Structures are given as C-alpha cells and as structure tokens.
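Chains, contacts and geometry: an overview
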Amino acid sequence: MNKIQCAIALGSNLGNSLNILEKTIQIFNQLSEVHLKSYSHWYKNIPFGPPQPNYLNGCAILETYLVPDKLLETLLKIERQWGRVHQERWGPRTLDLDLLLYGDLILKTDTLQIPHPRMIQRGFVLIPLAEISPDWVHPLSKKKIVQLLDEVDCSGVSLYQPN
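Here the residue numbering is sequential within each chain, running from 1 through the sequence in written order. Totals for whole chains, interfaces and linings use all residues, but because this is a predicted model, local features are given only for residues with pLDDT of at least 70 and pairs of side-chain atoms are given and counted only at 80 or more. Values reported for side chains reflect all heavy atoms of the structure, with hydrogen atoms and water molecules removed beforehand.

Of the regular secondary structure elements, the chain holds four helices and eight strands. Put simply, DSSP H or I for four residues or longer makes a helix, DSSP E for two residues or longer makes a strand, and each gets a number counted from the N terminus. Shown N-terminal to C-terminal, the secondary structure of the chain runs as helices and strands in the order β-α-β-β-β-α-β-β-β-α-α-β. Atoms considered for the radius of gyration are the C-alpha atoms alone. The globule rule reads 2.2 Å times the number of residues to the power 0.38. The C-alpha atoms of the chain give 15 Å as radius of gyration, which agrees with the globular expectation for 163 residues (15 Å, within 12%). When its C-alpha atoms are laid out on the principal axes, the chain stretches across 45 × 35 × 30 Å. Buried positions account for 47% of the 163 residues belonging to the chain. Burial status follows relative accessibility: with a 1.4 Å probe on protein chains alone, a residue under 20% of its type maximum counts as buried, one over 50% as exposed, and anything between as partly exposed.

Printed below as a string of structure tokens:
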C-alpha cells in the first residue's frame, strides 16, 4: 500500500495558541503512522461564530498509510491531549485539527467528509494551504488550491507576527 498525501488544517484561539500549534507539529513529527512533509506559516484571523479571541491557523501536509477514519481518530486524540472538548459549533478551542484533503479521495460518511465541506470558503484555510501546496487539485471543484484562493474573501486573515 502506498502512502497517501493529506492536508490538515490547524487552528487555536485558547491558551498559548502559538505554543500549542508548534507542539502539535512536533507531535506530527513523532508519530510512526504519519510523515510530516511540510507546514505553513501561522496566520491570525478573525473568528466565525460567537464572540471569542482571534485564531492562529495554518496547514500541514502529511503522508500516511492510515485510512481516513483512522487518521481522523489520530487527529481527535491529539486534540484531546490539548483539552479540546467538542461543544459549541464554531466556538473557541485550544486546538482544532481538520482533515481537509486525502489524496484525491471524495468521501462522505456520518463522521467524515473529504474534501472538507467548507474549506473552499475559508481564506484562513486556503492561504496557508496555497503556501505549501498551491497546485493540489481539489477533487470536487477540479481547481488548484491557488485558484480557489483567488475566489475567496481573505479579509481578516494576516500573517502572524510574534511581538
């Protein structure tokens, strides 16, 4: 079985978000079942949903032998390590990991949809993903990530500059 390349979105707006995201990248590097290929810069963005702190977001490209459901289990386990509790939709969180793309797979189950259903509407996802994988073709739209980026509102998203 060949390794599959997948794209993961990372986000945090509770706790020390920069530390959480950086340590999550280190966790990816230590997992035997995935190989971290690359990751983006971090981007600050204004959140959707209820009033809450701004987010830090980025993306990572992983290679894995894991099937999508098992990869999702791994991502949820990492979220729980940071105290993530799935409560309020679009609410604040210590860590949010979303499986965006899994090769060119199109999948819809009760627990997982690939490609991620809202990724093409979100500048805070497309900006970092275009940074590390601009030519990846979204399997439903058949457009490259960099093309999708041109079609989305990216106001409120900026490169994170630590003080």
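So, on to the pairing of strand β5 (residues 96-102). Burial analysis of β5 places seven of its seven residues in the buried class, the great majority of the element. For strand β1 (residues 4-12) and β5, the ladder comprises six bridges, and the chain directions are antiparallel. Bridging across to β5, C6 finds its partner in Y102. Pairing between strands is defined by DSSP: at least two bridges between them are needed.

With an omega of -5 degrees, the peptide bond running from I114 to P115 counts as cis. Within the secondary structure layout, P115 lies in the loop between β7 (113-114) and α3 (123-132). Even without a glycine there, the phi angle at K142 is positive, about 65 degrees. Looking at where K142 falls in the secondary structure, it is placed in the loop between α3 and α4 (145-149). By relative accessible area, which is 60% here, K142 ends up exposed.

Relative to each other, helix α1 (residues 17-30) and helix α2 (residues 68-81) sit at 135 degrees, their axes nearing to 11 Å. Here α2 runs oblique to α1, going by the angle between their axes. The two elements α1 and α2 meet at a crossing, and its hand is right-handed. Contact with α1, carried on its side by T24, I27 and F28, involves L75, I78 and Q81 of α2 and no other residues of that element. Residue composition of the contact of α1 with α2, grouped by class: four nonpolar, two polar and no charged. Note on method: axes are straight lines fitted to C-alpha atoms, helices fitted across the in-contact stretch only, with angles between N-to-C directions ranging 0 to 180 degrees. Oblique is the label for any angle not under 35 degrees, not over 145, and not in the 65 to 115 range, which are roughly parallel, roughly antiparallel and roughly perpendicular in turn. Here a crossing is taken to be left-handed if its near helix is turned anticlockwise relative to the far helix by less than a right angle, and right-handed if that turn runs clockwise. Here, two residues are considered to be in contact whenever any of their heavy atoms come within 4.5 Å of each other. For this classification, Asp, Glu, Lys and Arg are treated as charged, while Ala, Val, Leu, Ile, Met, Phe, Trp, Tyr, Cys and Pro are nonpolar and the rest, including Gly, are polar.

The next point concerns the side chain of N13. Along the chain, N13 falls in the loop between β1 and α1. A polar side-chain atom of N13 sits 2.9 Å from the main-chain carbonyl oxygen of P53. In protein, a polar contact requires one atom able to donate a hydrogen and another able to accept it; more generally it is a pair of N or O atoms within 3.5 Å, and residues adjacent in sequence count only if both atoms are side-chain atoms. Side-chain polar atoms of N13 contact the backbone nitrogen of R93, separated by 2.8 Å. The contacts of N13, once residues within four sequence positions are left out, are Q52, P53, N54, Y55, P92 and R93.

The term salt bridge refers to a pairing of a side-chain nitrogen on Lys or Arg with a carboxyl oxygen on Asp or Glu at a separation within 4 Å. Scanning the entire structure with this criterion turns up five salt bridges. Between K144 and D135 there is a salt bridge, with the nearest N and O atoms lying 3.7 Å from each other.

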